[in-house]
Every structure is written in C-alpha cells, then in structure tokens.
Protein chains: 2
Amino acid sequence: MGSDNAPRVEVEGALSAVGEADVDVVLVGDEERLRKTVAELAPRGLPARVSIRHASEVITMHDPPSIAVKQKKQSSMRICFDLVKSREVNALVSAGNSGAMMASGLFVLGRSRGVERPAIVTTLPTPKGQCVMLDVGANVEPRPSVLAQFAVLGSVYSRLRHQRVRPKVGLLSNGSEEHKGTALTRETHQLLERARAAEGRAGFEYLGYVEGRDIFRGDVDVIVTDGFTGNVLLKGFEGLAEAVFHMVAAEVQHGSVREKLGALMMRPALRRFRRRTDYAETGGAPLLGVEGVAIISHGGSDTRAIKNAILTAAQFAQMDLAEALRQGVRDHAFLWEDDPAPASGGAVGN
Amino acid sequence: MGSDNAPRVEVEGALSAVGEADVDVVLVGDEERLRKTVAELAPRGLPARVSIRHASEVITMHDPPSIAVKQKKQSSMRICFDLVKSREVNALVSAGNSGAMMASGLFVLGRSRGVERPAIVTTLPTPKGQCVMLDVGANVEPRPSVLAQFAVLGSVYSRLRHQRVRPKVGLLSNGSEEHKGTALTRETHQLLERARAAEGRAGFEYLGYVEGRDIFRGDVDVIVTDGFTGNVLLKGFEGLAEAVFHMVAAEVQHGSVREKLGALMMRPALRRFRRRTDYAETGGAPLLGVEGVAIISHGGSDTRAIKNAILTAAQFAQMDLAEALRQGVRDHAFLWEDDPAPASGGAVGN
C-alpha cells in the first residue's frame, strides 16, 4: 500500500503473475480499496489463485523505518512479513519504504544464522551480462566483517541467479592500488585476501579493489560496497541513463530531418536496449541474509516490475535461496571469524 | 610525463593551444623526448610561444603520492608546481597521477588561507546545463567542516565558470530525508543549514540532501560529497556512459537493416552529444583551494583534452580564481568557524 502507484500496479502485477506462472498471490492491504481495484481490473472477479488479506495501516515513504515497523503492526508491509514468518506464504514483495523493508526483515524475520547484517542486492546490466552490487541502501556505515559477508551473500546470489559457477568479486574503491580506499575498504580487503589465500575453500574469486568504471566492463560478477555508496551510485546510474536519452533526443530534435528519420528507424533497437536494462525486468532487489525471501521493488514500479518481482520471489522460495545463503555464510566464516569486533553489526539502515 | 599518452598529447595539445589563443606554454619533461616529439609534430620547429624545461624524473601512476612528491624533486610534475610557486608561470596542467597532483598542491603551493583541504572539482553535463561535483578524489575521509568548505569552493567555481549568480548546492546522500546519510553527511548538513538561516550572507542556496538521480536533473549546480564517493561515482558514470553506447550499438548490429541505416543517419546527432558531454571538452578538473591554478586532466587525455585544459588554466589565471576562492572561504567562515574540530584536516588523498 505504500508504493507510488499502490495498489493498482500491485493488483495488476499479481493478476499477470498468476496468469503466467504456477504461483498463488495474497494481496495484503486495505480490503475495500483492493476489492475496488480488482473489480476495475478483473471484471470476472478475483482469480482462484489470488486472495486478499486486510491491513488497516500503511507505512509511508516518510515514516522512519524502525518506528514504523514497531508501531504500525497492522500495516500491509508488517503483515506481509508476519505471513512469511508464520510460513503462510513463502515470499513477499513490496515496493514500499525500503528502509522499513530492511528494518522489518531484521525485526520480524530476523537475521539468518551467522549473518551480521542483511544487504539489499541489485542487478546491473553490462555489455557481457549481469553484475550484482550490494549493499545498495541497507547499511550506510557497516564494519569490515559485514562487507566480507556481503562478498559471500553476493556470490551465492550470483551463482543461483546468474549461473556463475565461481563468481568474481570486487571491492569498490577509488583506485585499484592497495593504498587507496578508506579505513573500511582497506580492512575489508585484508579479510577478503583470505579468500585468495584459501582458494579451495572460497566459493568465489576475489579480484581486489575495483573502480567505478569496472562495474560496467562485465569482468566482475559481484561488486561489494557500503549501503551509502551503493545507493548513491545506483540512483546516479538511473539518473545518468535517463539524462543520456534526454540529451540525445534533444540533439535529434534540433538536428536535421535526416537525423530525425534515422532516430525513428532505429527506435526498435533502442526499445530492446531499454527493456534489457530496465529495472522492471529484474523486478526488484532481494534482501539477503534474513530468514525468508523478501523482495524490495522500486517505489515507482509499474505492473511489469511487480509481476517480475513476484515471479522472481517464487523462484527464490523454490530454490531455497535463504538456505543457500546460510550455508555460504557458514562455509566462509574463516574470512571474518577472528575479526577483532565481529559481534554487534553496523548502523541500522535508515 | 606520467600520463597514459605522454608526452605526445601534451606536446600536440600545447601546439594547438598557442595556435588558438593568447597563451604561452612551457613544456616540462625529458628534454630529448620532448624535442623529438616536437620535431615529429611541428616540422618547422618550436613556435615562439612554446618553450621546454627539462625534468629528469617522472611520477608514475603507481607512485604513492606523498612519497613521490617529496622524493622526486626533479619530476616533471614537481617542477611544474615549482614554476607556479615561483610565479614563473601562472598555471599548470597535468594528466599524471592525480593523488600526486593533490599532494603536490598541498606540499609545494600550500593551502589557501582558511582552506582546510583542497578539492578536485569536475563538471558533469546535464540536460539543463552544467553541474559541478566535488570532491572527486582528493579527500577520501574528510571531516564535516571540510565538506562545508567544499560547498563554498564549488559555488564560487560554479559562479565564475558557469555564470551561476547564486548557485544551488546539494549535499549528496542516500535519500532526501534528514535522518538519512552517514554521521559525516548529517553533521555537514547541520553546518550548511547555517547558510539557509543566514540567507543574505551566503553566496549560494543550500538545497539540503540530494540523491544520485538529482545530479542529472539539472536543478542542482553544485554537488558536495567526499572524495571516495565522488571518485567512485565519476568513474561509474564514465563506465556507464560507455556501456550504454556499446549496448545500443550491439542491439543495432544484431538488428534489422532499417535499424542499421537509421543509426547511420542519426550519427551526427550522437557525435554532437558525445562532444557536448566528453570530458575532453572541459579538459580537466581544477584543484580548488591551493595557492595557484593547477588542473588535473584525465590520465587518458587526448590532444583536445590537453588543449582545452591549457586554455581553461589560462582563463582561471586571468580571472584570478584562487583569489575568488580565498574570498569565498573568508566570507563564509560563519558556516564552520565554531565547528568542534576544525583544525587538522581529513586524511590525505591517496
């Protein structure tokens, strides 16, 4: 109920999802509004595979996450998490407040065994295929052991989602040399170097520092960074991609007739490119490291984004992503186990 | 001598610059190599406005900045700074090691009065005009007062360079709400709020937190961030822009004949766009806050980039950018003057 276009895109996305795949959807939100929206979109009534669960409250984009989670117990987001917790559903999708999603994951589902802090992971398109980046918003000031765990969570995800047998992991920095970076990246680098030393035990290949421009080279499968940098970067990429199209369009508009005609003729190629790189195609960013499957979709998600997020959530539940991540963390504890201060976790995302 | 294509692009860029504008250039580097390059590029010999100053050492991209500066006293970069210091030249341009540029600025020229830490500023193209971002690499872990000063340095630069009468300044964060950000951004926000409170005294309009996607909206003239985030972001943008063109080209290549023809027809518009947004157009990123004009060009600069950097450096020297920045810092001391720990400056760029 808290997304930009709720609940219309959610209802429509759910209706498409059940039409396309073997999945049941519970719509959680204000029952009256949901029924009204269903009536508009499905004149023949609710399909058998879609049900409605009433929620009287809404967590808005402006609610401080931790307060929202603890106080709005009847919110649609909170009830979704309760349904996952009680195993009435296998996964949840929300395009609402991402900080509240993170806080709910921690508070309601809890961290998976061995995980210090969950991460939000996103998929970026590159000329050679997909690259995943984490964290993109949950942990703005993590400690080194948390980033080392993100390398593991990200590589398990890359393996399951993008079939990388031994994902290549890079630590994002302001240069490739070891003396670059912040105290955080340098300490994390020390931990991840253990993966290089113990090659047989690590399920990923650690590449060391990578720079911003390496993200799109396609030679790195997993980019590890803190939630502040990751979030700023992800939103910057969205902004730049949009600006490039606007600026090229403006050049064409002020250009010759020949250029205008050319642009018209190549439009299908552009459309294919945009579809391939659109966030709506991947549907959402899973929260990795909590006890259950939770997918955070873009606040401005459209129907297709919600549908794809639902299908992805179903896949993750089926392949038991949470268990694969738990196992990954267990198998890689040697990376951070004697780290001086591994216990308390970083600052809560906000 | 330390750039990717040195010294050819530097020599060629200098020759173009003196051909285009009222400027004298001193080429600093290995005399024999410089003379050989000049002989290849200018068969009629060195123009009167170009001279050569021998330097026996080179700071490479891999040299740790502070060591390079102190030990390689005969390097081309160090001698350039010495020439600015002794006022034999009015400005310097280098496409070499940017960390060493920063360190040399600090060590040889020194900080301008009142400036805690210099910043490297870059210009980003937006659909509505230019936006400047700082710091993009010099200070990876600055303190809040340093970021507050960057707001001032950036706004003075935006005013002189892009004719913004009262630049709009945004502080980069992972969300627009005040509870977002890191300890650093929240404390900096407190300082910059003073500019809002004292509207008449501040030479810029403080917009508060801005997100990654706001950079390209064109509503912000100056983006303030730490050198780690700024550097990762800038390189990420370069990588993404390149990837977009590769991916669109790949779609066209696998597309219909009609699409291929269309792409060919609209190529001039694309070329105009690329020229407008190419870093070579702005030529380089000045180091703001040191006693003199120093421009850091991209390591992979081509001739046009070097030429434009030289012309820009000459402009900055003529308009006395350093004095305007000093004055800006003096006039805005109320932003940070009672900040608890203003003295020692952040970590040295590396």
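How each quantity is defined
- Counting starts from 1 at the beginning of each chain's written sequence and moves along it residue by residue.
- The lettering of chains begins at A and the numbering of ligands begins at 1, in the order of writing.
- Reporting of local features is limited, given that this is a predicted model, to residues whose pLDDT is at least 70; pairs of side-chain atoms are given and counted only at 80 or more, and all residues count toward the totals for whole chains, interfaces and linings.
- As a convention, hydrogens and water are excluded, and side-chain values are obtained from all of the structure's heavy atoms.
- A least-squares fit on C-alpha atoms brings the copies together, and the residues used are those whose pLDDT is at least 70 in both copies.
- Two residues qualify as a contact provided that any one of their heavy atoms is within 4.5 Å of a heavy atom in the partner residue.
- Each residue carries a pLDDT score, the predictor's own confidence in it, on a scale running from 0 to 100.
- Strands are runs of DSSP state E lasting at least 2 residues, helices are runs of H or I lasting at least 4, and numbering of each runs from the N terminus.
- For any pair of parts, buried area is found by adding up, for both, the accessible area (1.4 Å probe) each one loses once the two are put together.
- What makes a salt bridge here is a side-chain nitrogen of Lys or Arg within 4 Å of a carboxyl oxygen of Asp or Glu, nothing more.
- Here a polar contact means two N or O atoms within 3.5 Å. Within protein one must be a hydrogen donor candidate and the other an acceptor candidate, and residues neighboring in sequence count only if both atoms are side-chain atoms.
- Exposure categories follow from relative accessible area, calculated using a 1.4 Å probe and restricted to protein chains: below 20% of the type maximum is buried, above 50% is exposed, and the middle band is partly exposed.
- To estimate the expected span of a helix, count its residues, drop one, and scale the result by 1.5 Å.
- Axis definition: a line fit to C-alpha positions, over the contact stretch in the case of helices; interaxial angles, taken between N-to-C directions, run 0 to 180 degrees.
- The cut-offs work like this: below 35 degrees is roughly parallel, past 145 is roughly antiparallel, 65 to 115 is roughly perpendicular, and the gaps in between are oblique.
- For any helix crossing, the convention is left-handed if the near helix is rotated counterclockwise from the far helix by under a right angle, and right-handed if that rotation is clockwise.
- Here the nonpolar group is Ala, Val, Leu, Ile, Met, Phe, Trp, Tyr, Cys and Pro; Asp, Glu, Lys and Arg are the charged ones; every other residue, Gly included, is treated as polar.
- Only when DSSP finds a minimum of two bridges between them are two strands counted as paired.
- When the strands point away from the viewer, a crossover counts as right-handed if the path from the first strand over the helix to the second runs clockwise.

Undergrad: Go over the relation of the copies chain B and chain A, please, and point to the residues and values.
TA: Least-squares fitting of chain B to chain A yields an RMSD of 0.1 Å, with the superposition described by an axial translation of 0.1 Å and a rotation of 180°. Put plainly, the chains are arranged around a two-fold axis. No C-alpha of chain B approaches the rotation axis more nearly than that of glycine 262 of chain B, which lies at 1.8 Å. The share of interface residues of chain B whose copies in chain A are also at the interface is 100%, consistent with both copies meeting through the same surface.

Undergrad: Account for the confidence of the model for chain A, with residues named and values stated.
TA: Residues and elements named next belong to chain A. Summing up the model confidence of chain A, the mean pLDDT is 90 and the portion of residues at 70 or higher is 95%. By mean pLDDT, helix H11 (residues 279-282) is the weakest element of chain A at 64, and strand S8 (residues 222-224) is the strongest at 98. Low pLDDT (under 50) marks residues 342-350, which in the prediction has 25 contacts with non-local residues, meaning those over four places away or in another chain. Model confidence for the complex: the whole-complex pTM is 0.89, and ipTM, which rates the interface, is 0.87.

Undergrad: Before we move on, could you go through the interface of chain B and chain A and cite the residues and values that matter?
TA: Across the boundary between the two partners, chain B contributes 61 residues, which contact 61 residues of chain A. At the boundary of chain B with chain A, total buried surface from both sides reaches about 5,500 Å², with 67% on carbon and sulfur atoms. Remark: the boundary between chain B and chain A carries 4 salt bridges. Glutamate 238 of chain B is the partner of arginine 213 of chain A in a salt bridge, and the nearest nitrogen-oxygen pair spans 3.3 Å. Applying the counting rule to chain B against chain A returns 10 residue pairs in polar contact (both at pLDDT 80 or more). Among the elements of the structure, strand S4 (119-126), helix H7 (183-197), helix H8 (227-253), helix H9 (257-265) and helix H10 (267-277) of chain B are those that each provide at least two residues to the side of chain B that touches chain A. Element by element, the count of residues in the side of chain B that touches chain A is highest for H8 of chain B, at 19 residues.

Undergrad: Lay out the environment of glycine 283 of chain B with the relevant residues and their values.
TA: Residue and element names in this part refer to chain B. Inspection of the secondary structure puts glycine 283 in the loop between helix H11 (279-282) and strand S9 (285-288). In this structure, the C-alpha to C-alpha distance between glycine 283 and lysine 235, residues 48 residues apart in sequence, is 16 Å. Those residues in contact with glycine 283 that lie beyond four places of it in its chain are Ser297, Ala305, Asn308 and Ala309.

Undergrad: I'd love a proper account of the side chain of serine 173 of chain A, names of residues and values included.
TA: Secondary-structure assignment places serine 173 of chain A in the loop between strand S6 (168-172) and helix H7 (183-197). For serine 173 of chain A, a relative accessible area of 0% translates into the label buried.

Undergrad: Please provide a residue-by-residue account of helix H6 (residues 144-162) of chain B, values included.
TA: Taking 1.5 Å per residue as the helical rise, H6 of chain B with its 19 residues ought to reach 27 Å, and the 26 Å between its terminal C-alpha atoms agrees with that figure. Glutamine 163 of chain B sits one or two residues past H6 of chain B and shows a positive phi near 55°.

Undergrad: Give me the lowdown on the packing of H6 of chain B against helix H13 (residues 321-331) of chain B, citing residues and values where you can.
TA: Residues and elements named next belong to chain B. One can describe the packing of H6 onto H13 by two numbers: an axis separation of 9 Å at closest approach and a directional angle of 135°. What the angle tells us is that H6 and H13 run oblique. At the point where H6 passes H13, the crossing takes the right-handed sense. Here H6 contributes Gln149, Val152, Leu153, Val156, Tyr157 and Leu160 to the contact with H13, which in turn contributes Leu321, Ala324, Leu325, Gly328 and Val329. Of the residues assigned to the contact of H6 with H13, the class counts are 9 nonpolar, 2 polar and no charged.

Undergrad: Help me get a handle on the pairing of strand S6 (residues 168-172) of chain B, residues and values and all.
TA: Within a regular strand, side chains alternate between the sheet's two faces. Residues and elements named next belong to chain B. In terms of burial, S6 is largely enclosed, as 4 of its 5 residues are buried. Pairing analysis gives 5 bridges linking S6 to strand S7 (residues 205-210), with the strands arranged parallel. Bridge assignment links leucine 172 to a residue of S7, and that residue is valine 210. The β-α-β motif built from S6, the intervening H7 and the parallel element S7 has right-handed crossover chirality.

Undergrad: So what about the sheet that holds S8 of chain A? Which residues, and what values?
TA: Residue and element names in this part refer to chain A. In spatial order, the strands read S3-S10-S9-S4-S5-S8-S6-S7; together these 8 strands make up an open sheet with mixed pairing. Of all strands in the sheet, those with a lone pairing partner are strand S3 (91-94) and strand S7 (205-210), marking the two edges. Here the average twist between neighbouring strands, direction ignored, is 30°. In this structure, strand S5 (residues 129-134) lies alongside S8, joined through 3 bridges in parallel fashion. By the bridge assignment, methionine 133 is partnered in S8 with isoleucine 223. On the sheet, helix H6 (residues 144-162) packs against strand S4 (119-126), S5, S6, S8 and strand S9 (285-288) and is oriented at approximately 150° with respect to S5.

Undergrad: Any details on the sheet that holds strand S10 (residues 293-296) of chain B? Residues and values, ideally.
TA: Residues and elements named next belong to chain B. Read from one edge of the open sheet, 8 strands run S3-S10-S9-S4-S5-S8-S6-S7, paired in mixed fashion. Sheet topology places strand S3 (91-94) and S7 at the edges, where each strand pairs with a single neighbour. Sheet twist, expressed as the average angle between the axes of neighbouring strands with direction ignored, equals 30°. Of the strands in this sheet, S3, S9 and S10 touch helix H12 (residues 303-318), which is tilted by about 155° from S10.

Undergrad: Describe the side chain of histidine 189 of chain A, and please don't skip the residues or the numbers.
TA: All names here are of chain A. With respect to the helices and strands, histidine 189 occurs in helix H7. The class of histidine 189 is buried, set by a relative accessible area of 4%. Of note is the side chain of histidine 189, whose polar atom sits 2.7 Å from the side chain of tyrosine 206. Beyond its immediate chain neighbours, meaning those up to four positions away, histidine 189 contacts Leu171, Glu178, Tyr206, Gly208 and Tyr209.

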